[in-house]
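# Observations on the model geometry
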Amino acid sequence: MSDAKENFEPKIIAFCCNWCSYAGADLAGSMRLKYPPNVLPIRVMCSGRISPHFILKAFQKGADGVLVTGCHYGDCHYMKGNYITKRRVTILKDLLKFVGIEPKRLRADWIAASEGDKFARVANEFTEEIRALGPSPLRG
């Protein structure tokens, strides 16, 4: 393994729904659960409000991975935001593959406000997956 890849620390943007997954991230912090500091949570009102443009822009600006988190199915405060998100992420993974970016660099997960432990676990798992992939081909 090259020295650059050995010392690689991924930049991960985590778009988190205000009502569930951002509260889960907050709970993980309150419970002092450890997850990598290179996961940057960004609060959005609903995962359904995350434009594909935001995800593509995150990659363009140097993110090695993008994590999209929202409410569990049936629990969305806006009724169907997470269903919209699931479809968008599926389509975006195909687009990423088409332009030469590994689809595994984009992940969606559903995390409730009471699941701080799940947020920490998902953040750790995703960081390890991205670390194994190495730097994004778009990283400057």
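Shown above is the structure to which this text applies.
Below, the structure is looked at part by part. Within each chain, residues carry numbers counting from 1 in the order of the written sequence. Given that the model is predicted, a residue must reach a pLDDT of at least 70 before its local features are reported, and side-chain atom pairs must reach 80 or more before they are shown or counted; all residues, however, enter totals for whole chains, interfaces and linings. The side-chain numbers reported here are obtained from all heavy atoms of the structure, hydrogens and water having been left aside.

## Description of the nonpolar core
Phe15, Ile50, Ile55, Val66, Val68 and Leu106 are the most contacted members of the largest nonpolar core, which has 15 residues in total. Going through the elements one at a time, β1 (12-17), α3 (52-60), β3 (65-70) and α4 (81-98) are the ones with two or more residues in this core. In terms of nonpolar packing, the next biggest core, distinct from the first, is built from 12 residues, Ile12, Ala25, Phe119 and Val122 among them. To define a nonpolar core, start from buried Ala, Val, Leu, Ile, Met, Phe, Trp, Tyr and Cys residues and group those joined through side-chain atoms within 4.5 Å. Relative accessibility decides the category of a residue: with a 1.4 Å probe and only protein chains considered, values under 20% of the type maximum give buried, values over 50% give exposed, and everything between is partly exposed. For the purposes of this entry, the term helix denotes a DSSP run of H or I that reaches at least four residues, the term strand denotes a run of E that reaches at least two, and both are numbered from the N terminus.

## Some words on helix α2 (residues 21-30)
Those residues of α2 lying buried are Ser21, Gly24, Ala25 and Ala28. Taken around the axis of α2, the buried residues stretch over an arc of 100 degrees, which confines them to a single face. Residues of α2 that are exposed and point more than 90 degrees away from the buried face comprise Asp26 and Ser30. Contacts: residue pairs with any heavy atoms within 4.5 Å of one another. Turning to α2, the residues buried within the fold contact β1, β3 and α5 (116-133). The directions considered for the arc run from the helix axis to the C-beta atoms.

## A look at the packing of α2 against α5
Axis lines are fitted to C-alpha atoms, over the contacting stretch for helices. Their N-to-C directions set the angle, which ranges from 0 to 180 degrees. It is at 7 Å that the axes of α2 and α5 come closest, and there the two elements cross at 90 degrees. The pairing of α2 with α5 is recorded here as roughly perpendicular in orientation. Side by side, α2 and α5 meet where Ser21, Gly24, Ala25, Leu27 and Ala28 of the first sit next to Gly116, Phe119 and Ala120 of the second. The residue makeup of the contact of α2 with α5, split by class, is five nonpolar, three polar and no charged. An angle below 35 degrees is read as roughly parallel, one above 145 as roughly antiparallel, one from 65 to 115 as roughly perpendicular, and any other as oblique. When residue character is reported, Ala, Val, Leu, Ile, Met, Phe, Trp, Tyr, Cys and Pro are called nonpolar, Asp, Glu, Lys and Arg charged, and the others, Gly included, polar.

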